[in-house]
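Observations on the model geometry
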Amino acid sequence: MLKGLTVLWLLISTFTCSATDTQITADAQLAKVYQQDQALAIENYLVSEKFDGVRAIWTGTQLITRNGNAINAPGWFIADLPNLRLDGELWTKRGDFADLSGIVRTLQPLDSDWQKVTYQIFDMPDQHNPFAVRYENYLRLVKTLNKPHIQAVQQYQFTTEQALSAYFDKVTQQGGEGVMLHLASAMHKSGRSDALLKLKPYFDSEAVVIAHLPGKGKFTGMLGALKVVTPQGKEFSIGTGFSNAQRQNPPAIGATVTYRYHGFTKNGLPRFASFLRQRDPD
């Protein structure tokens, strides 16, 4: 793997970390946004596609969200997962988040639906090894399990920003959401960290709905825009990105929505804000 990672790290890698050492809700590793003007040594990062799926943490006994809520997967889907902590995404295909979310939220899982789902493992967290070694560990585990619905997220290494950009363009042109950069030498750490960065063709964030603004013209009688407030107290309106069905049945007041935007106005408001999705309840 990367220069500076020693054979000793591989020798001490372990599959025996307890899945209940800490609370999952406090142990999920979260990404910061990669700014292209950041001075990064690109060769020190492992890079993978960012899957637009449902985050799923395997505790060793069950699948849960990063907020600790149970995911009701069929027994056969999780039967071969080991008594180890794993982190990944439940995923079907690019651009299919709405259908996937419906499958995952169903209390009584349907085998016919879950047969479309894969568990894309992107980490095997422990407190002993850097990510480069954890990557080798989960690759080896997935190969041993040999189950088509349990897959390993492939990591790549680039030496220049130009090579990273070429990979990013390839992923996004094929409909991918973006890429993740994981510092190869970093130990697993809960919360947001520069050790894990996401690079996307746009920014996204969340806000809470505080009002429904009526539509005009062809949207008369439907939603025209959502008035929302950010965690920082900034209020603005989101008027694009909705389907007709969503305009007829918009996210409720008090709901949290995800929107995409392209930078900020001079007043500090998101520029060209567009509705992306309603966040699933925690």
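Computed from a predicted model, the values in this text were never measured in an experiment.

**A word on the side chain of Q155**
Looking at the secondary structure, you find Q155 in the loop between β7 (150–152) and β8 (156–157). Judged by its relative accessible area of 9%, Q155 falls in the buried class. Looking at Q155, its side chain comes within polar contact range of the side chain of Y138, at 3.2 Å. Setting aside its immediate chain neighbours within four residues, Q155 contacts L46, V47, S48, F122, F131, Y135 and Y138.

**Some words on the layout of surface pockets**
When its volume is computed, the second largest pocket comes out at roughly 540 Å³. Around the second largest pocket, the lining is made up of 28 residues, and of these F97, A98, L276, R277 and Q278 lie nearest the centre. Looking at the lining of the second largest pocket, the elements that each hand over two or more residues are α4 (97–105), α8 (244–248) and β15 (274–278). When residues of the lining of the second largest pocket are assigned to their parent elements, the largest contribution, five residues, is made by α4. When grouped by side-chain class, the residues that make up the lining of the second largest pocket number eleven nonpolar, eight polar and nine charged.

**What about the environment of D96?**
Here D96 lies in the loop between β5 (86–91) and α4. Relative accessible area serves as the criterion here: at 14%, D96 is assigned to the buried category. Sequence spacing of D96 and D52 is 44 residues, and the spatial spacing of their C-alpha atoms is 8.1 Å. A distance of 2.6 Å separates a polar atom in the side chain of D96 from a polar atom in the side chain of T92.

**Let's talk about the sheet that holds strand β2 (residues 45–49)**
Neighbouring strands of a sheet are bound in pairs by backbone hydrogen bonds; such pairs are parallel or else antiparallel. Here we have five strands laid out as an open sheet, ordered β1-β10-β9-β2-β8, and mixed in their pairing. In this open sheet, the two strands that pair with only one neighbour each are β1 (29–33) and β8.

**A look at the packing of aromatic side chains**
Considering all chains together, one arrives at ten aromatic pairs under this definition. Residues Y156 and Y167 carry aromatic rings whose centres are separated by 5.3 Å and whose planes lie at 50° to one another, so their mutual orientation is tilted. Taken as a pair, Y156 in strand β8 and Y167 in helix α7 (residues 161–173) lie far apart in primary sequence, eleven residues in all. The rings of F203, F236, Y259 and Y261 are connected pair by pair, giving a single aromatic cluster. Its end group placed over the ring of F219, R247 keeps NZ or CZ at 3.9 Å from the ring centre. Above the face of the F97 ring, R277 is positioned so that its terminal group lies 3.9 Å from the ring centre.

**Considerations on α4**
Residue pairs spaced three or four apart in an α-helix point in one direction, given the helix's 3.6 residues per turn. Within α4, burial applies to F97, L100, S101, I103 and V104. The buried residues of α4 occupy one face: seen down the axis, they fall within an arc of 160°. Projecting away from the buried face of α4 at angles above 90 degrees are the exposed residues A98 and D99. Each element contacted by the buried residues of α4 is listed here: β3 (54–58), β5, α5 (111–114) and β15.

**Points about the side chain of K198**
The topology assignment puts K198 in strand β10 (residues 191–199). The buried charged residue K198 lacks any salt bridge, with D204 as its nearest oppositely charged partner at 4.3 Å.

**Observations regarding unusual backbone geometry**
Phi is mostly negative for residues that are not glycine, and the peptide bonds are mostly trans. One non-glycine residue, N146, lies in positive phi territory at about 55°. Relative to the helices and strands, N146 resides in the loop between α6 (131–145) and β7. Using a relative accessible area of 62% as the deciding quantity, one classes N146 as exposed.

Definitions and cut-offs
The residue count restarts for each chain, going from 1 along the sequence in the order it is written. Residue-level local features of this predicted model are given only where pLDDT is at least 70; pairs of side-chain atoms are given and counted only at 80 or more, and the full residue set underlies all totals for whole chains, interfaces and linings. Remark: hydrogens and water are excluded; side-chain values derive from all non-hydrogen atoms of the structure. A helix here means a DSSP run of H or I that spans at least four residues, while a strand means a run of E at least two residues long, and both kinds are numbered starting from the N terminus. For every residue, the accessible area obtained with a 1.4 Å probe (protein chains only) is divided by the maximum for its type, and the residue is called buried under 20%, exposed over 50%, and partly exposed between those limits. Here a polar contact is taken to be a pair of N or O atoms separated by no more than 3.5 Å, where protein atoms must pair a possible hydrogen donor with a possible acceptor and residues adjacent in sequence count only if both atoms sit in side chains. The contact definition used throughout considers only heavy atoms, calling two residues in contact when any of these lie within 4.5 Å. The way it works is a 1 Å grid over only the protein atoms, where trapped points that fit a 1.4 Å probe form a cavity and open points with protein on both sides within 12 Å along at least five of seven lines form a pocket, and then any residue with an atom within 4 Å of a point lines it. Grid points are joined across faces, edges and corners, and a volume is the space filled by probe spheres set on the points. Throughout, the ten residues Ala, Val, Leu, Ile, Met, Phe, Trp, Tyr, Cys and Pro are labelled nonpolar, Asp, Glu, Lys and Arg are labelled charged, and all others, Gly among them, are labelled polar. Strand pairing is defined by DSSP finding a minimum of two bridges between the two strands. Pairing of aromatic rings covers Phe, Tyr and the six-membered ring of Trp, with a centre-to-centre limit of 6.5 Å; geometry is then stacked below 30 degrees between planes, edge-to-face above 60, and tilted otherwise. Here, over-ring charges are defined by two tests on the NZ atom of lysine or the CZ atom of arginine: distance to the ring centre within 6 Å, and angle to the ring normal within 35 degrees. The arc in question is formed by the directions pointing from the helix axis toward the C-beta atoms. His is not counted here, nor are the chain ends, while Lys and Arg score as positive and Asp and Glu score as negative. The working definition used for a salt bridge is a side-chain nitrogen of Lys or Arg within 4 Å of a carboxyl oxygen of Asp or Glu.

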